[in-house]
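Results of the structural survey
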Amino acid sequence: MNRAILVALLVAVSTITYSFLGSDDAKADRLKGIWQPSHGKAKIKIDKIGSKYYGKIVWLKEPIDPETKAPKVDKNNPDESLRSTPLKGYRILKDFEYTDEDEWSNGTIYDPENGSTYSCVIKMTDENTLDIRGYIGIKTLGRTDVWKRLEMPSKKKSE
Amino acid sequence: MKYVLKFALVAMLAFYAPVLYAQEDTTTAEDEEDYSIYDDLDFADDGTQSFANAKISGLSPARFISLGYDYQAGYDLTAANVGEGIAPETATINSTSGIRVGANIPVVSRNDLLIQVGGQYWNLNYNYNDASTLNHPLHKTLANNGLRTWGLNSTIYKPLNETHFILVQLGADMNGDYAVPEFQSMRYNRYSIAALYGKRPSDYKQWALGISRTYRAGELNYVPIFYYNYTSPVSKWGIEALLPARGHVRYSFNKRSILMAGFELEGNSYRLGNQSTFLSEPLDDVELRRSEIRARMMYQRQLVGFVWFAAELGYRINYSYNVDDIPEGKDFTRLFGIVSDAPYVMENTIGNPVYFNISLNLVSP
């Protein structure tokens, strides 16, 4: 009889824990999708890899470098060995975790325009808007950019 | 019962498997994919509007915090007579130097509005060749007290749509020969404002036209202003200008090393006589209208991370070093002689030395 109670408890705890985790995952996964920074020069696709979130460049307004006439590469990277890496596909958001209600932090953002990596916190102000704050050391010393969610035209039409 | 227990364990594993699997982490780039599917996307919100970015590509880095030292080499200063009571006097100043500290922090940072608030402290110490022999009150106060500025400023950038914007700059400065922490009355504060309307036709160019109330020429003036930033998309050259206040040609060796050549018109109106009587009544509220053109070369380089070093070398050309009578600090404008030809209390003559400035800067993302 005791065993039966133990089994029932194990199953109950598993179910409850998993349902909580699932709910948190669903909230956290709202970050996934395609987003456009305010400058409009790129589109960033955010995906979940493992338990963390990463964002890579999937579109560039000017994909060709006017200087070299070749596809843009990460020419400003302080690491010389990475300067020939194509910008398209480059992961500029790294290691974000869902840490608070509508907030992802502990990650970094890379600015290919100057080759700098900043600490970064992401706040979802509504389902289609992100406040991306890159900062140096403390959040006061930073700048916030607002990103907007993009979606396939077909998806919009079908709604 | 044994089977029930086994079933429970299998069920638990099944529940947790995706979670456990999700702990795998990688930061490596994914395989190539068909990026053309991202060409035609719409904003998820129908009402989403794009706004002109405040910057263009390739600008020299904006400074959050700056700590600098300014040094002017020797020159002669001839302080003019005041009526018949005070005779003119020429003295040699071996050097003029001081620290310059500034901060500029964004307090509102949205796509449709940017507001930055900043402050600065500048100090000017006059190192006379032989201070003990000085008689003229201008030489005495400069030698004993120097000049300093505490200031607050704000920049407001308001994009109207994808290409047009409004830019407003506000400043309030306390300038004088005062000591710290005594300072001087707030009624002697000098306020400046600039308002511009402009266009950002591409990521490589922005320009604006406007008007400013400014003390850059030493005394109060109202002048039209022209803002122009340009970066060549195919070369390392660019232009950064806010005329007539400053204008520079920029050459970027790379994103971490920038050389600029140009000028800055720098000035303000400094109340004299805070620490000791400068001139007797009725000339007891006078201000030094100091303005200089700095023709210069400026090199900026990233040291580590977000810390940049800047060094400038140039020629400091005097534009104004006259003294005005401003009873109770109620300022007036001559508007370059158009609205007033009020005489100066002193029309001083000052030499033009070479100068250098070095600074460490924490630059903005």
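Conventions we followed
- Residues numbered from 1 in each chain as written.
- Chains lettered and ligands numbered in written order.
- Predicted model: local features only at pLDDT ≥ 70, side-chain atom pairs only at ≥ 80, totals over all residues.
- Heavy atoms only, no water.
- pLDDT = per-residue confidence, 0-100.
- Contact = heavy atoms within 4.5 Å.
- Salt bridge = Lys/Arg side-chain N within 4 Å of Asp/Glu carboxyl O.
- Buried < 20%, exposed > 50% of the residue type's maximum accessible area, 1.4 Å probe, protein only.
- Helix = DSSP H or I, 4+ residues; strand = E, 2+ residues; numbered from the N terminus.
- Pairing = 2+ DSSP bridges.
- Patch = residues over 30% accessible without salt bridge, like charges linked within 9 Å, V, L, I, M, F, W, Y side chains within 5 Å.
- Areas by Shrake-Rupley, 256 points an atom, 1.4 Å probe, with all protein chains shown as cover.
- Lys, Arg positive; Asp, Glu negative; His and termini not counted.
- Charge placed at Lys NZ, Arg CZ, Asp CG, Glu CD.
- Phe/Tyr/Trp six-rings, centres within 6.5 Å; stacked < 30°, edge-to-face > 60°.
- Lys NZ or Arg CZ within 6 Å of the ring centre and 35° of its normal.

Looking at the confidence of the model for chain B
Chain-level pLDDT for chain B is 90 on average; 91% of the residues reach the 70-or-more range. Counting interchain partners and residues more than four positions distant, the pLDDT-below-50 stretch residues 7-28 of chain B has 31 contacts.

Details of the pattern of salt bridges
All names here are of chain B. Taken as a whole and assessed by the stated rule, the structure comprises 38 salt bridges over all chains. A salt bridge links Arg110 to Asp112, with the nearest nitrogen and oxygen atoms 3.0 Å apart. Residue Asp112 is classed as partly exposed on the basis of its relative accessible area, which comes to 22%. With a closest N to O distance of 2.9 Å, Arg289 and Asp324 form a salt bridge. Highlighted residues: Arg289 in strand S14 (residues 286-304) and Asp324 in strand S15 (residues 307-325), separated in sequence by 35 residues.

Considering the pairing of strand S9 (residues 205-214) of chain B
In regular strands, side chains alternate between the two faces of the sheet. All names here are of chain B. Pairing geometry for strand S8 (residues 190-202) and S9, over eight bridges, is antiparallel. Each bridged residue has a counterpart across the sheet, and for Ile193 the counterpart in S9 is Arg213. The antiparallel pairing of S8 with S9 creates a hairpin that spans two residues between the two strands. Here 10 bridges tie S9 to strand S10 (residues 221-231), and the two strands are oriented antiparallel to one another. Within the sheet, the bridge partner assigned to Ile211 lies in S10 and is Pro224. Hairpin remark: S9 followed by S10, antiparallel, with six residues in the connecting loop; positive phi at Gly218, about 95 degrees.

Here we look at the pairing of strand S3 (residues 75-79) of chain B
All names here are of chain B. The two faces of S3 differ: Tyr75, Leu77 and Ala79 on one face are buried, but Asp76 and Thr78 on the other face are not. The sheet contact formed by S3 and strand S16 (residues 349-350) spans two bridges and is antiparallel. Note on S16: the bridge partner recorded for Leu77 is Ile350.

What to know about helix H2 (residues 137-145) of chain B
All of the buried residues along H2(B) are Pro137(B), Leu138(B), His139(B), Thr141(B), Leu142(B) and Asn145(B). With its phi angle positive at about 65 degrees, Gly146(B) sits one or two positions after the end of H2(B).

Considering the environment of Gly171(B)
All names here are of chain B. Following the sequence through the fold, Gly171 ends up in strand S7 (residues 164-176). Classification of Gly171 by relative accessible area gives buried; the value is 13%. When neighbours within four sequence positions are excluded, Gly171 is seen to be in contact with Leu152, Asn153, Arg190, Tyr191 and Ser192.

Focus on a negative patch on the surface
A cluster of acidic residues, Asp34(B), Asp39(B), Asp40(B) and Asp42(B), forms a negative patch on the protein surface. A relative accessible area of 39% places Asp39(B) in the partly exposed class.

Here we look at the packing of aromatic side chains
All names here are of chain B. On inspection of all chains with the given rule, the structure shows 14 aromatic pairs over all chains. Judged by centre distance (5.3 Å) and plane angle (25 degrees), the ring pair of Tyr71 and Phe356 falls under stacked. On the criterion of sequence distance, the pair formed by Tyr71 in strand S2 (residues 63-72) and Phe356 in strand S17 (residues 354-363) is long-range, its members being 285 residues apart. Judged by its relative accessible area of 28%, Tyr71 falls in the partly exposed class. When its relative accessible area of 30% is taken as the criterion, Phe356 is described as partly exposed. Here Tyr178 and Phe183 contribute two aromatic rings whose centre-to-centre distance is 5.7 Å and whose plane-to-plane angle is 45 degrees, an arrangement assigned as tilted. Take Phe183: its relative accessible area is 29%, and that puts it in the partly exposed class. Members of the aromatic cluster, each reached through a chain of ring pairs, are Tyr121, Trp150, Tyr178 and Phe183. Over the ring of Phe332 we find Arg289; its NZ or CZ atom is 5.7 Å from the centre of that ring.

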